[in-house]
Amino acid sequence: MTRPVSSHHPPAVKEWRLNLYLSEHDPDTTARIVLDTGDNVLESHAEARRSPYDRDMPEIGDELAAGRALIAMGRLLVRAADGDMRALGAADTEDPTPLWLPRE
């Protein structure tokens, strides 16, 4: 059975490239994310610091720093979308909902 041809445009497929860079300088781990959307490039940073009383487990610092940088990137994207909507004349809305508590 065939389906009727739709007048809709085919779905748009986009690819965004995200690079995550981790660097460790004991006891600190730093994450840097660069997101290339093809139209814009956004960058976020975050850190994790190991307590001197904790065991040396580098993967934990990697996970914390990367997770925090991803949250920061999400916040940048929400703010960018909010700014774009306002630029198009969208009705004023409340500030974008925070994606995480102030203490990350």
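Peer 1: Give a description of the overall build of the protein that names residues and reports values.
Peer 2: Assigned secondary structure in the protein consists of 1 helix and 3 strands. Start at the N end of the protein and walk to the C end: the helices and strands fall as β-β-β-α. The buried share of the protein, taken over its 104 residues, is 20%. Partitioning the contacts of the protein with sequence separation of at least 6, the portion at a separation of at least 24 is 38%.

Peer 1: Just give me the short version of a nonpolar patch on the surface, but keep the residues and values in it.
Peer 2: Taken together, the side chains of Leu18, Leu20, Leu22 and Leu70 make up a nonpolar region of the molecular surface, amounting to roughly 330 Å² of accessible area. Of the residues forming the nonpolar patch, the biggest block, 3 residues, is contributed by strand β1 (residues 17-25). Locating Leu22 in the fold gives a position in strand β1. What makes Leu22 partly exposed here is its relative accessible area of 41%.

Peer 1: Could you give an account of the pairing of β1, with specific residues and numbers?
Peer 2: In this sheet, strand β2 (residues 28-36) lies alongside β1 in antiparallel orientation, the contact comprising 9 bridges. Looking at β2, one finds that Leu18 is bridged to Leu35. Hairpin remark: β1 followed by β2, antiparallel, with 2 residues in the connecting loop.

Peer 1: Lay out the sheet that holds β2 in plain terms, naming residues and giving numbers.
Peer 2: The antiparallel open sheet is built from 3 strands, whose spatial order is β1-β2-β3. Of all strands in the sheet, those with a lone pairing partner are β1 and β3 (41-49), marking the two edges. Going from strand to strand, the sheet's axes swing by 15° on average, the running direction of each strand aside. In this structure, β2 lies alongside β3, joined through 9 bridges in antiparallel fashion. Bridging from a neighbouring strand, Asp28 pairs with Arg49 of β3. Helix α1 (residues 58-87) rests against β1, β2 and β3 of the sheet, and its axis sits at about 145° to β3.

Peer 1: Explain α1 to me, and be specific about the residues and the numbers.
Peer 2: Taking 1.5 Å of rise per residue, 30 residues should cover 44 Å, and α1 covers 43 Å from first to last C-alpha, within 8% of that figure. Among all positions of α1, only Gly61, Ala65, Ala66, Ala69, Ile71, Ala72, Met73, Gly74, Arg75 and Asp82 are buried. Looking at the buried side of α1, the elements it contacts are β1, β2 and β3. A positive phi of about 90° marks Gly89, the residue just after α1.

Peer 1: Before we move on, could you go through the nonpolar core and cite the residues and values that matter?
Peer 2: By size, the foremost hydrophobic cluster in this structure holds 9 residues: Ala31, Ile33, Leu35, Leu42, Ala46, Ala48, Ala65, Ala69 and Met73. Contributing elements (two or more residues each) for this core: β2, β3 and α1. Once you skip the residues sitting within four places of it in the chain, Ala48 turns out to touch Pro27, Asp28, Thr29, Gly61, Leu64, Ala65 and Arg68.

Conventions we followed
- Residues numbered from 1 in each chain as written.
- Predicted model: local features only at pLDDT ≥ 70, side-chain atom pairs only at ≥ 80, totals over all residues.
- Heavy atoms only, no water.
- Helix = DSSP H or I, 4+ residues; strand = E, 2+ residues; numbered from the N terminus.
- Buried < 20%, exposed > 50% of the residue type's maximum accessible area, 1.4 Å probe, protein only.
- Contact = heavy atoms within 4.5 Å.
- Patch = residues over 30% accessible without salt bridge, like charges linked within 9 Å, V, L, I, M, F, W, Y side chains within 5 Å.
- Areas by Shrake-Rupley, 256 points an atom, 1.4 Å probe, with all protein chains shown as cover.
- Salt bridge = Lys/Arg side-chain N within 4 Å of Asp/Glu carboxyl O.
- Pairing = 2+ DSSP bridges.
- Axes fitted to C-alpha atoms, helices over the stretch in contact; angles between N-to-C directions.
- Expected span 1.5 Å × (residues − 1).
- Core = buried A, V, L, I, M, F, W, Y, C linked by side-chain atoms within 4.5 Å.

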